[in-house]
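Observations on the model geometry
Listed below, chain by chain, are the residues.
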Amino acid sequence: MQQETTYLKLFGKNLISFQKRDTGEIIGTGLLNPLIERLNIVTMFVIQAKFYRAYKELGKWNGKRVANTFAPPVRSGAMWRALLASLKSRIFHSHYPVAMTFAVTYDCQCNCIHCSAGRHKHENKLQLNIAEAKKLIDDSLKLGISILAFTGGEPLLRKDIYELISYVDKKKAVPLLFTNGEFLTTENVKRLKNSGLYSLFVSLDSHTPEEHNRLRKRKDLFQNAIEGIKRAKQEGLFVGISTYATRTGTKNNEFKKLYSLARELKLHNVMLFDGVATGKMLHDTSELLTVEQRQKIRDFSSYIFNHNVIPPLSSQSWQNSIEGYLGGIGCLAANIQYYVSAYGDVAPCDFTPLSFGNIRKEPLKKIWKKMITHPAYNYRSTFCRMQHPTFRKLFIDPIPDDASLPYNIENFSV
């Protein structure tokens, strides 16, 4: 199913139009599209301005209005840094990071069937200590990030997580946390609030307790997570759900049911990733979304956004849409985002198990440059590479089943 979107038509001729192919590529098909490509700074800022204007009732953080709890607040120092990175990327035709995802630990009380961090934990390696973690934060801020997402494993199992959140310079970047929610006790949510956490995303795999607990192999986790969400809201934190869309789940409208649950809980955001074959399911692509399903999610996302329905729905399927591409998004990996493992390995994103270097051995800035100049990442992609058959054939399928992750990119010849 090839999707064609026309923005300007005259005398039966498409002047500005785009085609989204089944593989995810977006191709300009209108007569004036070459001009639009040259003016992509304008289209990017128009769409980003629309994004920041959309929501005005989510609340404020440090006195600044919040339009989306994954993006920096309006007119904050972090927002200006994010926009500057986008501007530089267009002017200098290069990639400048906006977000880092930092897996502070791979310890976890769950044993998820689908864990994206599966095969990343190594008993013979030491995780970054507090000094190394703080240096990573410093180096990332120097590199230009304005969003720092702490993840794991379960990040609340790392005892100094509150110190790391406090360490982030809030004038430059907003700290986020992804958690399974079991340890959102009254004491812990107070500590998160006092450390200056911007927003919190709790992982839910299903709207039903039985299915969520089955997938996570943890008794009563769903109810514990819901109770933790309520405590975090009572403490005044911005709270959202982090989830993913699979082929099977989307057939049953699971993403809509989870969104309804978020509305019932009066949350501030829903982060909906595409199901990606990675981690424990690295070579199992059976649950990747179909083209029609991605379009279904995009249509739902657009409706939520265009009608300013709360909570906002931040979906990967929309981010890889034509409008998302024109807004300067597309695939985030090694474009505006990178991922750092608990041991210091640097990868393009959370779901891409390819290491481009380790911060214990070489500077972060050097690794970032190596990553964005690699043939697989030296261009802005309109699609998620980890869902693209050609990319997977070149860089994912050859990874041995018994290999530890992330896999060194130097093992591939390009």
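Let me sum up the structure you'll find in this document. (Residues numbered from 1 in each chain as written. Predicted model: local features only at pLDDT ≥ 70, side-chain atom pairs only at ≥ 80, totals over all residues. Heavy atoms only, no water.)

Helix and strand content of the protein chain: 15 helices and 16 strands. Taking 22 Å as the expected radius of gyration for a compact globule of 414 residues, we find that the protein chain reaches 20 Å, a close match to that expectation. If one aligns the C-alpha atoms of the protein chain with their principal axes, the spans along those axes are about 65 × 50 × 40 Å. Counting all 414 residues of the protein chain, 57% fall into the buried class. (Helix = DSSP H or I, 4+ residues; strand = E, 2+ residues; numbered from the N terminus. Rg over C-alpha atoms; globule rule 2.2 N^0.38 Å. Buried < 20%, exposed > 50% of the residue type's maximum accessible area, 1.4 Å probe, protein only.)

Once that is clear, we can look at the pattern of salt bridges. For the coordinates displayed, the defined rule picks out 12 salt bridges. The salt bridge involving Asp107 is made with Lys121; its shortest N-O contact spans 2.9 Å. Here Asp107 is found in the loop between strand 6 (99-103) and helix 4 (130-143), whereas its partner Lys121 is found in the loop between strand 6 and helix 4, with 14 residues between them in sequence. What makes Asp107 partly exposed here is its relative accessible area of 33%. Arg216 is the salt-bridge partner of Asp205, the closest N and O atoms lying 2.7 Å from each other. (Salt bridge = Lys/Arg side-chain N within 4 Å of Asp/Glu carboxyl O.)

The next subject is the pairing of strand 7 (residues 147-151). Of all five residues in strand 7, five are buried; the element is thus mostly enclosed. Every second residue of strand 7 is oriented toward a common face, with Ile147, Ala149 and Thr151 on one face and Leu148 and Phe150 on the other, all of them buried. Looking at chain direction, strand 6 and strand 7 are connected through five bridges and run parallel. Note on strand 7: the bridge partner recorded for Thr101 is Ala149. As for the winding sense of the linkage, the β-α-β connection from strand 6 through helix 4 to strand 7 is right-handed. By the bridge criterion, four bridges tie strand 7 to strand 8 (residues 174-179) in an arrangement that is parallel. Opposite Ala149, over in strand 8, you have Leu176 as the bridge partner. As for the winding sense of the linkage, the β-α-β connection from strand 7 through helix 5 (residues 161-167) to strand 8 is right-handed. (Pairing = 2+ DSSP bridges. Right-handed = clockwise from strand over helix to strand, strands pointing away.)

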